[in-house]
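Geometric and topological summary
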Amino acid sequence: MSILGTRVLRTEDPKFLTTGGVYTEDVADDRLEGACHVFFVRSPLAHARISSIDVSAARQAPGVIGVYTGADLADLAPIPPSAAGLINTEMQQRLLAVDKARFVGEAVAAVVTEHPYQGEDATELVTVDYDPLPAVLGFDPADDSLLFEAAGTNVAGYWGDPSKLDAQLFDGCEVVVKQTIVNQRVAPAPMETRAAAAVWGDDGRLTTWIPNQGAQGTKADMAKLLGIDESLVRVITPDVGGAFGAKFGADPEHAVVAWIARRLGRPARWTETRYENLIAMTHGRAQQHTVTIGGSRDGNVQAYRLEIVQDAGAYPKIGAVLPMLTILMTSGPYDIPKAEAVAKVVVTNTTPIGAYRGAGRPEATAALERAIDLFAAEIGADPADVRRKNLLAPFTEPHRTAFGALYDSGDYVAALDKALTTAGYADLRSQQAQRRASGDVRQLGIGVASYVEITGMGDGEGTPPEENATVEVHPDGTATILTGTSPHGQGHATAWAMIASEELGIPVEKFTLKWGDTDLIPEGGGTGGSRSLQQGGAAVQQAARELLDVARLRAAAELEANAADLVFDKGRSAFNVAGDPDASVPLTQLAENERLLIRTVFSQPGATFPFGTHVAVVEVDTETGKTTLLRVITVDDAGTVLNPLLAEGQRHGGIGQGAAQAFLEEVVYDDAGNPLTASLADYPFVSATEVPSFELASMATPTSYNPLGAKGIGEAGSIGSTPAVQNAVVDAVAHLGVRHIDLPVTSRRVWQALQAVQPGSEQ
Amino acid sequence: MTHIEVTVNGEKRSAEVEPRLLLVHYLRDHLGLRAANVGCDTTSCGACTVLLDGKSVKSCTVLAVQASGHEVTTTEGLSADGELHPVQAAFRQHHGLQCGFCTPGMVMAAVGLLAEIPHPTEAQVREGLEGNLCRCTGYHNIVQAVLAAASEVTA
């Protein structure tokens, strides 16, 4: 029986459950002996000119080894914006702020001490003289206060040309609905904050331990930030305590720690506090959407327009690129005859925006799924019926959308119907009707969201997505896999072992997986964009098969037989001559004379497009606005499932985060740009009491793009659940006249929406 | 400096420590027990949860000197002879952990919860773990694991 598709328990777990993972702060290594500790002084103002920095008192504090400011880092070039061709190149970031601070939390100086507690004390003694400037905030910032004077504007750039929008797009539509929607700023907040440990060898090479999602990309970033050749950087990836998109590459702080280690000639370490993490690690989302949807009164959607404003925060990083993905997925799973999208990217005096679970695609789905519900409400139709009417018909040959996305395979109506059946949709609607009829204080809301997303995309520059893997069988019967992916909770050690075990007949527990050390594995795409199994896993399978090809030739020589006459006996992990089980040689023996090792690169024709439907059921107290999430039912079709235990875990996590965005989490600033959610006591991080157990239905439409038939599953949960929960809350109070409530649909927002529609209420 | 004597995972330990030293830093930096993690600075996340005289506490909010004369248990000391404790085994069986950072604290909170309420309902498990945050699992499998561990302990 094949091990593929079975619920294999994680081989990683015993360590995590007993002695715990070895995260960057836990790394004990001789090279880090006697490390000093780095603490950052961060701007308390959103926008200010820095007129002077006095570090003399801090230098005298107990245990202080050094204090450094931007002036000391003059040898390091500023960081250019992402997407330099499209984004204003004047919008550059210094590793430590020079002249100006542009968001609360921007690093202004670094204090180095013998002991971490001393650094916390000494940072208080650095005196920075700030001249406050008006804070630039919101999706429509005026240009009277500029973040970057040289740029002359707070608009960083555009994706698409707003002047080329089609004035006739909605001609012929019987119904046109328009709505501005905020997809709010949220904090990735992985449980492990950012950290680094750095040491320079006598050979002039940097070795740095950084929690990251892809050591090779982190190495490239570190080399750029430090202005040195990539060959001089070695990145080692310890266990990583969650990332969610926010640990890709390297941040200014990582480079400053390495710079300090070089300057002092001794190892340096840094672990940020949660306060720092919530204001200085990139945030996610932060888009405003203006959706316009038009169609016929009988429910055919004929035209859709999405106008995006991306708040990139103070510096245009990955956030400035996210609208490209949002635009790509504009029309989602629907067959919409005419659709168009544009985006404007602005800079504001807030924490920079980066990738966060889904990164650009949840935003597209949230906008579209609200638009579909608004359209359904306008024509008085059931939102599920409107979806069914407009979803693309099932296809097995790739389907090209107007936005250039090539959907590999899909059956969107089947996913919708399966989700509705599992939820008991008709019954839920009749329960809702009863509560509405009786005027129940607690109303029932049912929300539906269908989605398709893009996973495992390449670099966007024509290179097909690919990943490498190395498989080696050792004489003692164990085996090692090297991968260019970078697990941080996904369970690659178990999953990759399952794939190789299936080919080689070596038990799963005999495999060791290695990743994230750039000297050992110089190339790799890391883990993000839900790419790992479809490319990294497929590479392991390919390597194992190629290893057997090599082993077969060696076995033929060993057995003095024709290679074509040999059969591989998985049960014994050995080749034998067909019909003669005694003429046999095991892989372990073949590995004795010469290393039995294969490195290979798997290349995928293109990205894959998982899809599904989520249904959320909520109860809303119409007197207080309090929302209780009762049920989430999902169908997430990500092709063939390798290990249901792991796939379900990915779905659960995504659903939890997506639901949290829907009704709880939001990063909030006051009018002066002060963050009001800078601790876990203030940021409403979802807890176990706020979500139910989730109901998952299975569906698997394989992709032909890789031999595993697998698409990505890491982000799907967070893509469908946000609009499903939002739609459910609006649905619960729709009969009272509420048309839309922005994210997050908190109790306060629901209560305000209800007050606004009540007769005689204050408007 | 203050003299402390603490029994950690059954072993008597003593040290001279700064009065402001947190228990979690005593465990991690002085004793090298690094399973408990620091995930926040407001006693919100629970990644540092350990047992103090059998009750779960957040070790970032206990001073090492307060633990003097008391017994501390961490995940390192929960299992014996290479066997996982029923709660640890249930977390593995039900995939109640992904990145693992919240896990030692979550496991100790669960052990503390089951000591108080041996047969909790799902709602009681969720309520009991409210002070322990997890970003990976959506809590689904953690709750399943704790419920399973409860029935395991009974059987």
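It should be emphasised that the depicted structure is a prediction, and the values quoted were computed from it without experimental measurement.

Here we take up unusual backbone geometry. For the bond running from L743(A) to P744(A), omega is -15°, close enough to zero to count as cis. The phi dihedral of R285(A) falls on the positive side, at around 65°, and the residue is not glycine. By the element assignment, R285(A) lies in strand 13 (residues 284-295). In this structure, D53(B) is a non-glycine residue whose phi angle is positive, near 50°. You can see D53(B) is positioned in the loop between strand 3 (49-52) and strand 4 (55-58). For D53(B), a relative accessible area of 46% gives the class partly exposed.

So, about the domain arrangement of chain A. Residues and elements named next belong to chain A. Domain assignment breaks chain A into domain 1 (22-134 + 193-280), domain 2 (284-455 + 607-757) and domain 3 (466-603). Using only C-alpha atoms to locate each centre, domain 1 and domain 2 end up separated by 36 Å. Taken together, the 24 residues of domain 1 in the interface contact 27 residues of domain 2. The largest share of the area that domain 1 buries against domain 2 comes from F103, F244 and L278, three residues that together contribute 28% of it. Summed over the shared surface of domain 1 and domain 2, the number is zero salt bridges. There are 10 residue pairs in polar contact (both at pLDDT 80 or more) connecting domain 1 and domain 2. Broken down by element, the residue count for the side of domain 1 that touches domain 2 peaks at five residues, all from helix 6 (residues 274-280). Residues of the side of domain 1 that touches domain 2, tallied by class, amount to 16 nonpolar, five polar and three charged.

For the rest of this paragraph, the subject is the interface of chain A and chain B. Taken together, the contact between chain A and chain B spans 54 residues of the former and 46 residues of the latter. Summed over both sides, the interface of chain A with chain B buries roughly 4,300 Å², with 57% coming from carbon and sulfur. Our count for the contact surface shared by chain A and chain B stands at four salt bridges. For R28(B), the salt bridge goes to D26(A), with nearest N and O atoms at 2.5 Å. The tally of links between chain A and chain B comes to 30 residue pairs in polar contact (both at pLDDT 80 or more). If you list the elements that add at least two residues to the side of chain A that touches chain B, you get helix 1 (13-17), helix 3 (116-122), helix 6 and helix 15 (644-663) of chain A. It is helix 15 of chain A that contributes the most residues to the side of chain A that touches chain B, eight residues altogether.

Residues and elements named next belong to chain B. Under the domain assignment used here, chain B contains domain 1 (2-77) and domain 2 (86-154). Residue-level contacts link 17 residues of domain 1 with 12 residues of domain 2. Taken together, both faces of the contact between domain 1 and domain 2 bury some 1,100 Å²; the carbon and sulfur share is 62%. Between the two partners, domain 1 and domain 2, sit zero salt bridges. On the surface where domain 1 and domain 2 come into contact, there are six residue pairs in polar contact (both at pLDDT 80 or more). Among the elements that take part in the side of domain 1 that touches domain 2, strand 3 stands out by supplying three residues, more than any other. The residue makeup of the side of domain 1 that touches domain 2, split by class, is seven nonpolar, nine polar and one charged.

Rules used throughout
- Residues numbered from 1 in each chain as written.
- Chains lettered and ligands numbered in written order.
- Predicted model: local features only at pLDDT ≥ 70, side-chain atom pairs only at ≥ 80, totals over all residues.
- Heavy atoms only, no water.
- Helix = DSSP H or I, 4+ residues; strand = E, 2+ residues; numbered from the N terminus.
- Buried < 20%, exposed > 50% of the residue type's maximum accessible area, 1.4 Å probe, protein only.
- Domains from an automatic or database assignment.
- Contact = heavy atoms within 4.5 Å.
- Buried area = accessible area lost by both parts, 1.4 Å probe.
- Salt bridge = Lys/Arg side-chain N within 4 Å of Asp/Glu carboxyl O.
- Polar contact = N/O pair within 3.5 Å; in protein donor to acceptor, adjacent residues only side chain to side chain.
- Nonpolar A, V, L, I, M, F, W, Y, C, P; charged D, E, K, R; others polar.

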